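Structural features, examined
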Amino acid sequence: MESKSSDENCNNPNSELHPSKLMMASHFLRALFRIQHTTTDSSFAGRSRKIRRAAYASMAYSVGTKRSWSSALLRKLRSRSRLRSPNPRRAKYAALPGKPRVARPQQREMDQAQVLRELVPGGTSMDDCRLLEETTDFVRCLSTQVRLMQAVVDSVSI
């Protein structure tokens, strides 16, 4: 009996998936479906931006608000969606010329913690220990996201 169940687990690709991975896959595939059926923008850059946003959103939704990086990412995505909503006043101000941007000098040497703070969403408000914990979780979720996207590409290219 035990050998039969282990054989079934080997044949089932979803047997080793954690529920959060299944949730991430489900959110991502639904988002890809919506992008495919509702996108009128056929430019490569526009579709890439939407797919990237969908990947980040599915990753953050699957983790929930128990991690600081996912909360920061969800806040950022929500604020972007509010900014992109049609606003007649925004179109009027978009035509006005803005201030010219002045290049500020780049700091040559940044410590490693500062680099991580810039890479991890919400990292600017963390102490070093918490930053390392959040970074490991963020990298773990990113690697899961890469495996998920690779599985999608592999299944489509067959």
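Under an unreviewed UniProt entry, the chain has the name IBH1-like N-terminal domain-containing protein and belongs to Ensete ventricosum.

**Structural notes on helix 7 (residues 128-157)**
Compared with an ideal rise of 1.5 Å per residue, which puts 30 residues at 44 Å, helix 7 spans 43 Å between its outermost C-alpha atoms and is within 8% of the ideal. Where helix 7 is concerned, the buried positions are Leu131, Glu134, Thr135, Asp137, Phe138, Cys141, Thr144, Gln145, Leu148 and Val152.

**Description of the pattern of salt bridges**
Considering all chains together, one arrives at 5 salt bridges under this definition. Linked by salt bridges that have partners in common, Arg67, Arg130, Glu134, Asp137 and Arg140 make up one network.

**Focus on the side chain of Asp137**
Tracing the chain through its elements places Asp137 in helix 7. The exposure class assigned to Asp137 is buried, which follows from its relative accessible area of 8%. A polar contact is formed between the side chain of Asp137 and the side chain of Trp69, at a distance of 2.9 Å.

**Here we look at the nonpolar core**
Phe28, Met59, Trp69, Leu73, Phe138, Cys141 and Leu148 are the most contacted members of the largest nonpolar core, which has 17 residues in total. Elements with a minimum of two residues in this core: helix 2 (19-38), helix 3 (44-63), helix 4 (68-83) and helix 7. Among the elements that line this core, the one with the most residues is helix 3, at 5 residues. Setting aside chain neighbours within four positions, we find Met59 in contact with Met24, Trp69, Leu73, Phe138, Cys141, Leu142 and Gln145.

**Considering the confidence of the model for the chain**
Here the chain shows a mean pLDDT of 76. Residues at 70 or above account for 68%. Element-level pLDDT for the chain is lowest in helix 1 (residues 2-11), with a mean of 43, against a maximum mean of 90 in helix 7. Segment residues 1-15 is flagged for pLDDT under 50; beyond a separation of four residues in sequence, or across chains, it makes 2 contacts in the model. Long-range and interchain partners of residues 90-96, a stretch whose pLDDT sits below 50, account for 3 contacts in this model, where long-range means more than four residues apart.

Conventions adopted
Residues numbered from 1 in each chain as written. Predicted model: local features only at pLDDT ≥ 70, side-chain atom pairs only at ≥ 80, totals over all residues. Heavy atoms only, no water. Helix = DSSP H or I, 4+ residues; strand = E, 2+ residues; numbered from the N terminus. Expected span 1.5 Å × (residues − 1). Buried < 20%, exposed > 50% of the residue type's maximum accessible area, 1.4 Å probe, protein only. Salt bridge = Lys/Arg side-chain N within 4 Å of Asp/Glu carboxyl O. Polar contact = N/O pair within 3.5 Å; in protein donor to acceptor, adjacent residues only side chain to side chain. Core = buried A, V, L, I, M, F, W, Y, C linked by side-chain atoms within 4.5 Å. Contact = heavy atoms within 4.5 Å. pLDDT = per-residue confidence, 0-100.

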